[in-house]
Number of protein chains: 4
Amino acid sequence: MSRVAILGATGYTGTELFRLLHDHPGAEVVFVSSETYAGNKLSDIHPQFREQEDLILSRMAAEEIPTEVDLVFCALPHGESSGAVSALLEKGFRVIDLSADFRLKEAGLYREWYELEHPEPALLGEAVYGLPELNRGAVSTARLIANPGCYPTSIILALAPLAKGQLVKPGSLIIDAKSGVSGAGRTPKQPFHFPDCTENFKAYRVACHQHTPEIEQELSMLAGSEVKVTFTPHLVPMVRGILSTIYLELETGKPEEELRAIYSYFYGECPFVRVLEAANFPETRLVRGSNFIDIALKMDRRTGRLVVISALDNLVKGAAGQAVQNMNIMLGLPEDTGLGQLPI
Amino acid sequence: MSRVAILGATGYTGTELFRLLHDHPGAEVVFVSSETYAGNKLSDIHPQFREQEDLILSRMAAEEIPTEVDLVFCALPHGESSGAVSALLEKGFRVIDLSADFRLKEAGLYREWYELEHPEPALLGEAVYGLPELNRGAVSTARLIANPGCYPTSIILALAPLAKGQLVKPGSLIIDAKSGVSGAGRTPKQPFHFPDCTENFKAYRVACHQHTPEIEQELSMLAGSEVKVTFTPHLVPMVRGILSTIYLELETGKPEEELRAIYSYFYGECPFVRVLEAANFPETRLVRGSNFIDIALKMDRRTGRLVVISALDNLVKGAAGQAVQNMNIMLGLPEDTGLGQLPI
Amino acid sequence: MSRVAILGATGYTGTELFRLLHDHPGAEVVFVSSETYAGNKLSDIHPQFREQEDLILSRMAAEEIPTEVDLVFCALPHGESSGAVSALLEKGFRVIDLSADFRLKEAGLYREWYELEHPEPALLGEAVYGLPELNRGAVSTARLIANPGCYPTSIILALAPLAKGQLVKPGSLIIDAKSGVSGAGRTPKQPFHFPDCTENFKAYRVACHQHTPEIEQELSMLAGSEVKVTFTPHLVPMVRGILSTIYLELETGKPEEELRAIYSYFYGECPFVRVLEAANFPETRLVRGSNFIDIALKMDRRTGRLVVISALDNLVKGAAGQAVQNMNIMLGLPEDTGLGQLPI
Amino acid sequence: MSRVAILGATGYTGTELFRLLHDHPGAEVVFVSSETYAGNKLSDIHPQFREQEDLILSRMAAEEIPTEVDLVFCALPHGESSGAVSALLEKGFRVIDLSADFRLKEAGLYREWYELEHPEPALLGEAVYGLPELNRGAVSTARLIANPGCYPTSIILALAPLAKGQLVKPGSLIIDAKSGVSGAGRTPKQPFHFPDCTENFKAYRVACHQHTPEIEQELSMLAGSEVKVTFTPHLVPMVRGILSTIYLELETGKPEEELRAIYSYFYGECPFVRVLEAANFPETRLVRGSNFIDIALKMDRRTGRLVVISALDNLVKGAAGQAVQNMNIMLGLPEDTGLGQLPI
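Please read these numbers as outputs of a predicted model, since none were measured by experiment. (Residues numbered from 1 in each chain as written. Chains lettered and ligands numbered in written order. Predicted model: local features only at pLDDT ≥ 70, side-chain atom pairs only at ≥ 80, totals over all residues. Heavy atoms only, no water.)

Enquirer: Quick question: what am I supposed to make of the packing of aromatic side chains here?
Expert: Here the distance between the centres and the angle between the planes together describe a pair of aromatic rings. Counted under the stated rule, the structure contains 24 aromatic pairs over all chains. Geometrically, the ring pair formed by Phe266(D) and Tyr267(D) is edge-to-face, given 4.9 Å between the ring centres and 80 degrees between the ring planes. Stacked on the ring of Phe292(B), the Lys or Arg Arg274(B) has its end atom at 3.9 Å from the ring centre. (Phe/Tyr/Trp six-rings, centres within 6.5 Å; stacked < 30°, edge-to-face > 60°. Lys NZ or Arg CZ within 6 Å of the ring centre and 35° of its normal.)

Encoded structure:
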């Protein structure tokens, strides 16, 4: 039984990590921290955990973490996370960082899109982008995992087989993505106030969302050449789920069935990727609460364009579930340990 | 065409007032204020009003209000409102106050339930409780209207015919009320953050909600003797609407049909009260966006208890619509002027 | 005061027509029909209309409609509507048809997309496509109006200035549209059953939705050359609203501000089209319950693609409100008569 | 590993059973049936189960169930269930019946409230009411379990310590209960059509809901004398959850703290009952997806009335979770086996 710590345990991803690890047969949460709520029991802040093994929230300080901890999940806001991660690595901990701080390889891109000077650029080279379906080997031996963003996970997995095969016509990629509200975090703000948010649909950060360079970096790496995308995120009045609708032109025409066969082959060993049969399409409820990502392909015969649609739960495969999947690989456990929950 | 002002125009009730008055044939909004957003256009804060007659939000100061204004709606938070109202009255304005500050007749009760010393106790005697169905005459000549609370409106109107007729057995009243989230106001807070609020149902302020003494005061006045109630409010994951389910024992048994006849008689001249036929029950959607209150009666034959159920839109009949209804009466207009919208 | 009839008055668009016409100063509903509920009062089926002027639902037969009726709204399902319309015209009534039956000019397209032989192809030439912003003149004298579809309205108005100016690069149009559930009609079906529908987001009829040819027909007409689009509709867990996110390449680069100026000019006389200022984007709640369509433009500088986003209420500007707007023009009334409601 | 069958596997409770049993370490689903969908794979009807161990839905016939099955869950509609159960018992299977057919001890009550002649009255005496917190011993050896209704579970557990202690004043019980929409089942109907159901709140079957006699029967048994209640169910626009607000007078005054101590003692060995500390109240989200029931007590000092509030997930503790809990006891497993999921 490995021992793990969660820093930033009271936000939505920290809480989801706690929920998933509660039933995990190979790992036990022994330390939780929260700047805001230090000193309280976790169940005072999240009463759904009442009468369960009840941890006290510590302040976030590397030296307070018991040395027997095998792995630390860092679920702090971007900007704050990098300093904490650096201290953790120095203490000898392996770290899975759920913030955006170590996802971009270039400090310059980070500065441009997050409007912050990167506090720990020296670590950028070492961090492994924790998308297990693509980087399983590197994940297994990594000291530092940059756990991917929710939108990028839904998009990169939806496109990897095509990108890797250089099948996408350069410049043709348009991504229209839609997310539930939990993606915006747990801090109350006007746009997420129930009466302003329910019964409403809107786009936001049109053509300027900070996940854009993360998507482009990974797709470029896969394709072996620079990829640029138009990316529009939208807010859906629901709690969990991301659905990405992606439009592209193929370099050379291929029948839909052949593309589907390529996807099935590509993800053959991946327990959480479900490539849907023809005429089936993803719905966010069909993956809710689970670590699955569902992917469908549809050729628009009239225009020759390919439409790829993916769905995942942003708090699970888009954050905490993927982090547990990475942890499993780092600890030498089967990749799907403790992640067998069916969608609810 | 009368000229009116709205103080606190950017909260939910202020905004709803603006919406309702926009189409009103006898009144025109000429002044709007907001402490937080003074200097902005109202449509900068509420873009649904774009390209409409566009007012600039002023600071809230009695001396800034044009003297030709005929009536001022005060939609400020309780505690803040009383000082403003006092200044307005001094300037000679007639005022409809939508806060709780002038609803209770006794300053002691205000202190007990709102945990504030009342700043203007001298005005409590003059304020008219603005429930037009019960106090039409006093409203018409009032200088200061205390616009009733949303829960109290739904409950007092549901019980007035029984209370007035001394038909309710003392001590038997239990009120189980349920409100949409707009009742909690526009300021973002954790319990109203979309992911914490949707797909959730709960009771709150159990047996200690500040609307309790307002309900008891008005029912006692109607009954001519002291009335005490058990009152439990609940939060429903929807924006608008209050449904109150009220349980009571009758002093003397009466058939359901006879009670219904009494209600129909009592509300015969009231355009916004709909007494439902037998076997029909209120639903909040059936009054949404309108100034109606629907009331149903059902005798539980097995226990001899009467169940009274009422529904209204908390922002309309429970706040802004009722305020406009009071304004109409004060200005000598037909009571339903500008309030003819059907439920949406 | 003109007299109008509504055939199919109990569906969502028929009901919305009744709601909008209730307060209309120039028209009065004197006849309502429903095949399913004939013989009932409208308020038995839609109790929100209780205690209002109460019409009995008739069977749908042209001969039952009083001859003094000036105009008939036909809100029947496609396929059923054309026969009814033909009979109405024969009786001498002017008709606004809210079904899809008279929107496509070619019977062959109708057969292909609706999988029905068109019952009244002879009338296709005469029907005027009722988008007042584009066809005001033809609407004013028409005998038969084909009221546009909800998606097409949101898309055609979002693109008309560009299409008319031949500014769109052929083949570049991608439309990612999202609709609330009322667009699917009032008949209960599994995908719209509350527990299956709330907290869910999905695409449907990917690259094969029946509104595609309607969009292409009107854009082609405006552009003067054949336009083809990729169109993906999605279902949003809310009742009202359509938001369309449209991607395109321009024939020749133009700054965003210049394009915005073109739109403002193009829609200068249109009371219901609001072209948003830079950095403002539509939200469905900002048009809810109103006849507005909000349109925003955003140039994705990194890819050179233009993103156009529009929002409307599918039951108002996307159906019943637009029908009333057409009626106003046909009756010689100001176009916005009875349509002044602000968003709720 | 025990083998179990689910009859009626495609409704909401059948599906929830499948979800919960999927991860159960001591039981395996080997047979599923559905009248409507026989011949299909379960995952064709519920695509969230794609790529999991994939069972074909059989027709519901006792002889098709493999003889090595240890226990059958019967999730058929009431009226249909009793015949099936009788056939299963004859074949020698142990049965947990999730319908209402075997909950009432008197066939006369069944006739009165369900308006059906009971098809198998001879089995009523044998059926054990499967509320493990009260009947653990009888459950362990039972051949036939009547799994309790969702409302009754939330109410009986909220009152059992008081009823058992004869602390409730006769005739004083009023139950105001609120349920999510999944309680109404999976068949689409008008009141549960998304646009009619969301943003709406209403009471239904006021003073005549068929769960009334089940509540009274069990409370009477506990109290040792006849108990009658006023019971009003309401529909909340959310999928899962029941919250019951219960009002009563005590036979003899007791401080709230003492009552809380009694509850804690009474449920000391019950892993799924959480008695909340003073000033804490249940919320449906805090039990969602879990088998917990949360219970709070609050004395209304002003009226001397006690308010008891409970919350559970109607599909878990109110149906499928409770059925698994019963199965565990019948199979000699720890009561909470496979039911450790934290609320989501």
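Enquirer: Quick question: what am I supposed to make of the relation of the copies chain D and chain B here?
Expert: The two chain copies are connected by a rotation around an axis plus a translation along it. For the match of chain D to chain B, the screw axis carries a shift of 0.0 Å, the RMSD comes to 0.0 Å, and the turn is 180 degrees. Look at the turn and shift together and you get a two-fold axis relating the two. With an isologous cut-off of 70% or more, the 100% of interface residues of chain D that recur at the interface of chain B puts this contact in the isologous class. (Least-squares fit on C-alpha atoms with pLDDT ≥ 70 in both. Contact = heavy atoms within 4.5 Å.)

Enquirer: Teacher, can you tell me more about the domain arrangement of chain A here?
Expert: When the parts come together, some accessible area is lost, and that loss is often what is quoted as the size of the interface. Residue and element names in this part refer to chain A. Split into domains, chain A comes out as domain 1 (2-126) and domain 2 (151-314). Each of domain 1 and domain 2 was reduced to a C-alpha centroid, and the two centroids are 27 Å apart. Contacts between the two partners involve 14 residues from domain 1 and, on the opposite side, 13 residues from domain 2. Overall, the association of domain 1 and domain 2 removes approximately 1,200 Å² of surface from exposure, summing both partners, and the carbon and sulfur fraction of that is 56%. Run the count over domain 1 and domain 2 and you get two salt bridges. (Domains from an automatic or database assignment. Buried area = accessible area lost by both parts, 1.4 Å probe. Salt bridge = Lys/Arg side-chain N within 4 Å of Asp/Glu carboxyl O.)

Enquirer: Got a minute to help me understand the pattern of salt bridges in this structure?
Expert: Residues and elements named next belong to chain B. Considering all chains together, one arrives at 92 salt bridges over all chains under this definition. Here Glu 133 makes a salt bridge to Lys 317, at a shortest N to O gap of 2.9 Å. With Glu 133 in helix H5 (residues 132-141) and Lys 317 in helix H10 (residues 316-330), the pair connects residues that are 184 residues apart, well separated along the chain. In this structure, Glu 226 engages Lys 228 in a salt bridge whose closest nitrogen and oxygen atoms are separated by 3.3 Å. Take Lys 228: its relative accessible area is 33%, and that puts it in the partly exposed class. (Helix = DSSP H or I, 4+ residues; strand = E, 2+ residues; numbered from the N terminus. Buried < 20%, exposed > 50% of the residue type's maximum accessible area, 1.4 Å probe, protein only.)

Enquirer: Would you mind showing me how to read the interface of chain D and chain B here?
Expert: Every contact between the two is made by 45 residues of chain D and, on the other side, 45 residues of chain B. Buried surface at the junction of chain D and chain B, both sides included, amounts to about 3,800 Å², of which 54% is carbon and sulfur. Three residues, Glu199(D), Phe201(D) and Arg302(D), lead the burial of chain D against chain B; their summed loss comes to 19% of the area buried on that side. Where chain D packs against chain B, one counts six salt bridges.

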